[in-house]
Amino acid sequence: MVIGKMREVVVFLQNTPVAKGAGYEDNYSTLVTTRGQLIDSGESRGISFGAILDSETPKLIVRFQTALANALRSDTKIVINSVTYTMNGRPKLIDQKKHLYEFRLAAQLN
């Protein structure tokens, strides 16, 4: 069972943009703080505009939570060990049960 391996503190951040001048500015606040398991899925190498890019796509396993399921959006950020990640696509339910979520992550470049 994965539950015993959920040692990482995982913070999901929700964006609530605020008006600033003629546009909006991102305003992130804590949506859910939980525990999860971060699994290194290896690295890949690709070419983009003539440059070689290295990328990691770690996998995150967390328990299913209704608050999380109802509020996940493409601009949700995930912070683990002071590293900010974004989601690659939608999370998957493991074994099609509302018990565990699996996220594919991408480290956010600053």
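Look above for the structure.
Attention in this report is confined to the structure presented alongside it.

Reading the values: rules and limits
Residues numbered from 1 in each chain as written. Predicted model: local features only at pLDDT ≥ 70, side-chain atom pairs only at ≥ 80, totals over all residues. Heavy atoms only, no water. Pairing = 2+ DSSP bridges. Helix = DSSP H or I, 4+ residues; strand = E, 2+ residues; numbered from the N terminus. Phe/Tyr/Trp six-rings, centres within 6.5 Å; stacked < 30°, edge-to-face > 60°. Buried < 20%, exposed > 50% of the residue type's maximum accessible area, 1.4 Å probe, protein only. Contact = heavy atoms within 4.5 Å. Core = buried A, V, L, I, M, F, W, Y, C linked by side-chain atoms within 4.5 Å. Salt bridge = Lys/Arg side-chain N within 4 Å of Asp/Glu carboxyl O. Polar contact = N/O pair within 3.5 Å; in protein donor to acceptor, adjacent residues only side chain to side chain.

1. Some words on the pairing of strand β9 (residues 83-87)
Inference 1: As paired strands, strand β8 (residues 77-80) and β9 are joined by four bridges and run antiparallel to one another. Bridge assignment links valine 79 to a residue of β9, and that residue is threonine 84.
Inference 2: Linking β8 to β9, which pair antiparallel, is a turn of two residues; within it asparagine 81 sits at a positive phi near 50 degrees.
Inference 3: As paired elements, β9 and strand β11 (residues 100-107) share three bridges and run antiparallel to each other. Bridged to threonine 86 within β11 is alanine 106.

2. Focus on the packing of aromatic side chains
Inference 1: On inspection of all chains with the given rule, the structure shows three aromatic pairs.
Inference 2: With a centroid separation of 5.5 Å and an interplanar angle of 50 degrees, the aromatic rings of phenylalanine 12 and phenylalanine 103 are classed as tilted. With phenylalanine 12 in strand β1 (residues 8-15) and phenylalanine 103 in strand β11, this pair connects stretches of sequence that are 91 residues apart.
Inference 3: Each member of the aromatic cluster is reached from another via a ring pair, and the members are Phe12, Phe64, Tyr101 and Phe103.

3. Brief notes about the side chain of glutamate 102
Inference 1: By secondary structure assignment, the location of glutamate 102 is in strand β11.
Inference 2: Note on glutamate 102: relative accessible area 12%, which makes it buried.
Inference 3: If sequence neighbours within four positions are ignored, glutamate 102 has contacts with Lys59, Leu60, Ile61, Pro91, Lys92 and Ile94.

4. Notes on the pairing of β8
Inference 1: In the sheet, β1 pairs with β8 via four bridges, with the strands oriented antiparallel. Bridge assignment links valine 10 to a residue of β8, and that residue is isoleucine 80.

5. Regarding the nonpolar core
Inference 1: In this structure, Phe12, Leu60, Leu68, Ile78 and Phe103 are the most contacted members of the largest nonpolar core, which totals 15 residues.
Inference 2: Within the residue set of this core, elements represented by two or more residues are β1, β7 (59-63), β8, β9 and β11.
Inference 3: A per-element tally of this core places β11 first, with three residues.

6. A word on the pattern of salt bridges
Oppositely charged side chains can form a pair if their charged atoms are brought close together.
Inference 1: In the structure shown here, the tally under the stated rule is four salt bridges.
Inference 2: Here arginine 73 makes a salt bridge to aspartate 75, at a shortest N to O gap of 2.7 Å.
Inference 3: A salt bridge links arginine 104 to glutamate 102; its shortest N-O distance comes to 3.9 Å.
Inference 4: On the basis of relative accessibility, which here comes to 35%, the residue arginine 104 falls in the partly exposed class.
Inference 5: Salt bridges linked by common partners bring Lys92, Glu102 and Arg104 together as one network.

7. Thoughts on the side chain of threonine 76
Inference 1: As for its placement among the helices and strands, threonine 76 is situated in the loop between α1 (66-71) and β8.
Inference 2: For threonine 76, the side chain forms a polar contact with the main-chain nitrogen of arginine 73, separated by 3.0 Å.
Inference 3: Ignoring sequence-local partners within four residues, the contact set of threonine 76 consists of Phe12, Leu13, Ala71, Thr86 and Met87.

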